[in-house]
Each structure stands twice: as structure tokens, then as C-alpha cells.
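# Results of the structural survey
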Amino acid sequence: MLYDWANSAYSVIITTAIFPIFFKAGAEAAGVSSVNSTAYLGYTIAIATFILAMLSPILGTIADYEGLKKKFFAFFFLIGVISTAMLAVVPFDSWLALLILYTITSIGFAGANVFYDAFLVDVTDEEKMDDLSARGYGWGYIGSAIPFFLCILIILSAQMEFLPLSVTAASQISFVITAVWWGVFSIPMLRHVKQVHFIKRESKPIVKSFKRLGKTIKDIRQYKTLMLFLLAYFFYIDGVGTIIKMSTAYGTDLGIDATSLLLILFLTQIVAAPFAILYGRLAQRFTGKKMLYVGIVVYIFVCIYAYFMKSAVDFWILAMLVATSQGGIQALSRSYYAKLIPKDRANEFFGFYNIFGKFAAVMGPLLLAVTAQITGSSTTGVFSLILLFIIGGVILAFVPETDVSEGSGRNEVPV
């Protein structure tokens, strides 16, 4: 859970809040229009997620061997932390260089999460997965709020000239704070979490990993429940991820100033923490599937409300609605899936989980970006995401709930 506490600083400061504002200001200073800068950010997110989607199942299959999960985790973690710190040295108006380095940070962050998510099967049992996964997200929101608040204080102090810094320098300091926070609080994860479920090492592990992955793909029709869930997840998590990653960009397009955006996003983290934990508790009472539907319905309403959004007050309301469900729907998706897979091949199957999530994350930003450019309206782009939640919800209806709630999902997947 401390790793959620650590890396969630990246999620809010780099993915959602300060970096998008910093990038858009720099791009516009270089002569790029606001709509095009939003679109370019969307395209960049799509490229980064496509790269990781290609790598995830391959790396995951290799990492299922004894002792390799932690090494792969540490490799991507270091890439993420180092490249995040390097954002501080890129010139403000070098928007293309910022996007390139942001792509590297995204690969490091998301790549480490592939293996972090797979550790869920090593640290708890099926009965506690929903609650533990949700608690991780809850800790993450609290952990991200602390460095985010510090960053906001530095930026506002620079704006009000309480500190002898430019706003640009204050934002760059925020990137360093993010890297340090992420690195320091990841130490307990690196030192103490162990890989419990694994495949024994064998000769020619890379060759045999590819063969194992190929067999899984070939036999994919046997994984009926698993594939139905992944298909549903593909659509609804696409909408969730796109709204999180693009929120500040279209908030800026609505004319909401940077200070208001930062305060809104800070309070979103505070509100999201207890709601993420609440989702985990309610899942134990009402089942994870029902709570996933609650999250999907909330997001459908978010897309509709976003279309009519006119003011900062509307954005406040929208942000609080998102806060009630963004952690819960992600946490329960992770634990729902973890119950369905064979534990000794968790990395391989979380590789598939991530390939569905990452390919979905290619489609969502592209859908938003293209719609925004065609219509000239960011809010119309957000509204178009409603289709993803509807399709995901319909497919989820065909996923047997007993496979998860009764713990029989493991029998669905041949080992």
C-alpha cells in the first residue's frame, strides 16, 4: 500500500494536474493553439500507452519466473523516477521535448504498475483482495495529496511573489518533489515485498516464455469468463483513464485558471480517498460486480454533465463526482481480475490485463482528441466517451458474478 502512497504523486502531479497545465502554457507560448495542444497531449498519451501495451504481456510472461518480478518492477520504477526528475531541466517552451520525456515517464510509471498490480496475489488471499486493493487506492489518494499540496503552496507563493521564483521554476520544482516522493516511499516495497507465486527457473527462459505466451494466446477461447471481463474492462477503463489524464487540459480550454484547477484537483484527491475504501467495503457486502456498475453509471452521468459544463462551478461539481468513483472502479477491477487468474502466472495474466487497459487508453484519448478537433469543442470530446462506458457496462452484464464472489474463477483458467 505504501507504493500506492508513493507513485500516486506521479498520477496527480504529472498525469493529471501540474504537468498538463505546464505543458499547455509552454505550448501556447510557442504559438500552439489551445485545442491543438490538448490534441497533441492526447496523441502523446496514446503513443506511450501503445508502446507499453506491446511490452506488457511479453515482460509479464518472463517475470513469472522465480525472482524476476521484483527486478522488472525496479527497472521500470527507476526509469519513471529518473525521467520525472529530468522534466525539471527541459525549457518551458520546448513543448516537443516535454512530450518526448513525458512519454518516457509514462512508460516507467505504467510499466512498474504492471508488476506492482501482479504482486496483489502475493500479499493477500481472495477474500481480502477487494478490500486491500481499495485500501491501496485510498492510501494513494492521501499520499498524493501531501506532495500535491506542497507543490500548490510553492506555485501559489511564486505567483504572489512570496518566493523569489518564477511560476515556471516553481512548476519544475514540483517535478523534482514528485520524483523524490515516489522514490523514497517505494523503499519499503523494494525491500520487503516478496514474490510468493512463481514458475521455477528453467533453461532458455526467454524462449520458453514466448512459447508459454503463444500457447495462452492460442488457447484464449478457453478463458470465457476472463475474456468477457477483459473486454468489458477494455471499454469502461478507457473512459476512466481518458477523463483522468485529460481533465486539466479541457478544464483549461473552458477558461478555468491554473490556480482554480490545482485547488479542484487537490480536493478531488481528498474526497477520493474515503470513497475508494468505501467501494472496497461495499464490494464485500454487495459484490464487486455491482459496485463496478455503480462506478460506470457515475461516469456516464459525468460525460453527460461535461457536455453542458459552462463554468468553474460546473467543473467543481464534475470533479467531485469523478472523485466518488475513480479509485473504486480501478481498485475493484484489479481485485476482480486477480481472483480469476492462476497465481503462479500472475505477471503473464496481468500483462494481458494491462494490454487491454493500455490499448483502451490509446482509443480514448484519440477519440477525445479527434472529436475535439473536428467540433472545435473539448466538452464534445468528453461527451463522446459515454459510448465507452455504455459498451463496457453491457459486456460486463455477461460476466458470471459467481466466478468472483464464490472464488470459483480460478477454475475458469486452465493452468
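Residues numbered from 1 in each chain as written. Predicted model: local features only at pLDDT ≥ 70, side-chain atom pairs only at ≥ 80, totals over all residues. Heavy atoms only, no water.

### Brief notes about the overall build of the protein
Formally: The helix and strand labels rest on DSSP assignments: H or I over at least four residues marks a helix, E over at least two residues marks a strand, and numbering proceeds from the N terminus. Remark: exposure states derive from per-residue accessible area (1.4 Å probe, protein chains only) relative to the maximum for the residue type, with buried under 20%, exposed over 50%, and partly exposed in between. Throughout, a contact is declared for two residues whenever any of their heavy atoms are within 4.5 Å. For the area figures, the Shrake-Rupley method with a 1.4 Å probe applies, and any residue is considered shielded solely by the protein chains shown.
Scanning the protein from N- to C-terminus turns up 18 helices and zero strands. The burial tally for the protein puts 60% of its 415 residues in the buried class. Taking as baseline every contact in the protein between residues at least 6 positions apart, the subset at least 24 positions apart corresponds to 83%. Accessible surface, the protein as shown: approximately 16,100 Å² in total, 70% of it carbon and sulfur.

### Some words on the layout of surface pockets
Keep this limit in mind: Both site types are read off a 1 Å grid over the protein atoms alone. A 1.4 Å probe that fits but cannot get out defines a cavity, while an open set with protein on both sides within 12 Å along at least five of seven lines defines a pocket; lining residues have an atom within 4 Å of a point. Grid points are joined across faces, edges and corners, and a volume is the space filled by probe spheres set on the points. Three classes are used: nonpolar for Ala, Val, Leu, Ile, Met, Phe, Trp, Tyr, Cys and Pro, charged for Asp, Glu, Lys and Arg, and polar for all others, with Gly counted as polar.
The volume enclosed by the largest pocket comes to roughly 280 Å³. In terms of lining, the largest pocket is formed by 16 residues, of which the most central are M1, Y116, V123, M189 and V193. Residue composition of the lining of the largest pocket, by class: eleven nonpolar, two polar and three charged.

### Notes on the packing of helix α7 (residues 126-159) against helix α14 (residues 312-340)
Heads up, the condition is: The convention used is that axes are lines fitted to C-alpha atoms, helices contributing only their stretch in contact, and that angles between N-to-C directions extend from 0 to 180 degrees. For a crossing to be left-handed, the near helix must be turned anticlockwise from the far one by less than a right angle; the clockwise case is right-handed.
Interhelical geometry of α7 versus α14 gives an angle of 150 degrees and a closest axis separation of 8 Å. Crossing hand, α7 versus α14: right-handed. Of the residues in α14, those in contact with E126, M129, D130, S133, A134, Y137 and Y141 of α7 are Q326, G327, Q330, A331, L332, R334, S335, Y336, A338 and K339.

### Notes on unusual backbone geometry
Located in the positive-phi region is E161, a residue other than glycine, with phi close to 65 degrees. In this fold, E161 is placed in the loop between α7 and α8 (167-184). The phi dihedral of T287 is positive, around 85 degrees, even though this residue is not glycine. Positionally, T287 belongs in the loop between α12 (258-286) and α13 (288-307).

### Topic: the side chain of T84
The cut-off we apply is this: By the criterion applied in these results, polar contacts are pairs of N or O atoms within 3.5 Å in which, for protein atoms, one can donate a hydrogen and the other can accept it, and in which residues neighboring in sequence qualify only through two side-chain atoms.
Here T84 is to be found in helix α4 (residues 68-86). A relative accessible area of 0% places T84 in the buried class. Within the structure, the side chain of T84 is placed 2.7 Å from the backbone oxygen of G80, a separation counted as a polar contact.

### Comments concerning the packing of aromatic side chains
Heads up, the condition is: The pairing test for Phe, Tyr and Trp rings, Trp by its six-membered ring, is centres within 6.5 Å, and the orientation test on the planes gives stacked under 30 degrees, edge-to-face over 60, and tilted for anything in between. Two thresholds decide whether a charge sits over a ring: the Lys NZ or Arg CZ must be within 6 Å of the ring centre and within 35 degrees of the ring normal.
The full count for this structure, using the stated rule, is 31 aromatic pairs. Ring geometry for Y3 against Y116: centres 4.9 Å apart, planes inclined by 55 degrees, an arrangement best described as tilted. Taken together, the residues Y3 in helix α1 (residues 2-16) and Y116 in helix α5 (residues 95-118) connect sequence positions 113 residues apart. Y116 carries the same exposure label as Y3, and that label is buried. For the pair W181 and F185, a centre-to-centre distance of 4.5 Å together with 50 degrees between the ring planes defines the contact as tilted. The exposure class of W181 is buried, given its relative accessible area of 15%. Feature note: the residues Y3, Y10, F73, F77, F109, Y116 and W182 constitute an aromatic cluster, connected by ring pairs. Over the ring of F119 we find K69; its NZ or CZ atom is 4.6 Å from the centre of that ring.

### As for the environment of L263
Mapped onto the secondary structure, L263 falls in helix α12. Sequence separation between L263 and I152 is 111 residues; the distance between their C-alpha atoms is 7.8 Å. Sequence-distant contacts of L263, defined by excluding residues within four places in its chain, comprise I152 and W316.

### Examining α1
So the rule is basically this: By this rule the span expected of a helix is its residue count minus one, scaled by 1.5 Å.
Here α1 contains 15 residues, and its C-alpha end-to-end distance of 20 Å stays within 8% of the 21 Å for a straight helix at 1.5 Å per residue. Counting buried positions along α1 yields 13 of 15 residues, so the element is predominantly enclosed.

### Some thoughts on a nonpolar patch on the surface
Cut-off, in case you're wondering: Patch membership requires over 30% relative accessible area and the absence of a salt bridge. Like charges are linked within 9 Å, and nonpolar side chains (Val, Leu, Ile, Met, Phe, Trp, Tyr) within 5 Å. Salt bridge, as applied in this entry: a Lys or Arg side-chain nitrogen positioned within 4 Å of an Asp or Glu carboxyl oxygen.
Taken together, the side chains of L263, L267, I270, V313, W316 and I317 define a hydrophobic patch exposed on the protein surface, amounting to about 480 Å² of accessible area. Looking at the nonpolar patch, the elements that each hand over two or more residues are α12 and α14. Of note, I270 is situated in helix α12. The exposure class assigned to I270 is partly exposed, which follows from its relative accessible area of 41%.

### Considerations on the nonpolar core
Cut-off, in case you're wondering: Buried residues of nine kinds, namely Ala, Val, Leu, Ile, Met, Phe, Trp, Tyr and Cys, make up a nonpolar core once their side-chain atoms join them within 4.5 Å.
I18, F148, F229, Y236 and Y337 are the most contacted members of the largest nonpolar core, which has 120 residues in total. Beyond its immediate chain neighbours, meaning those up to four positions away, Y236 contacts F229, L292, I296, I329, S333, L388, F389 and G392. Judged by nonpolar contacts, the second largest core, of eight residues, contains Y137, Y141, A276 and A331.

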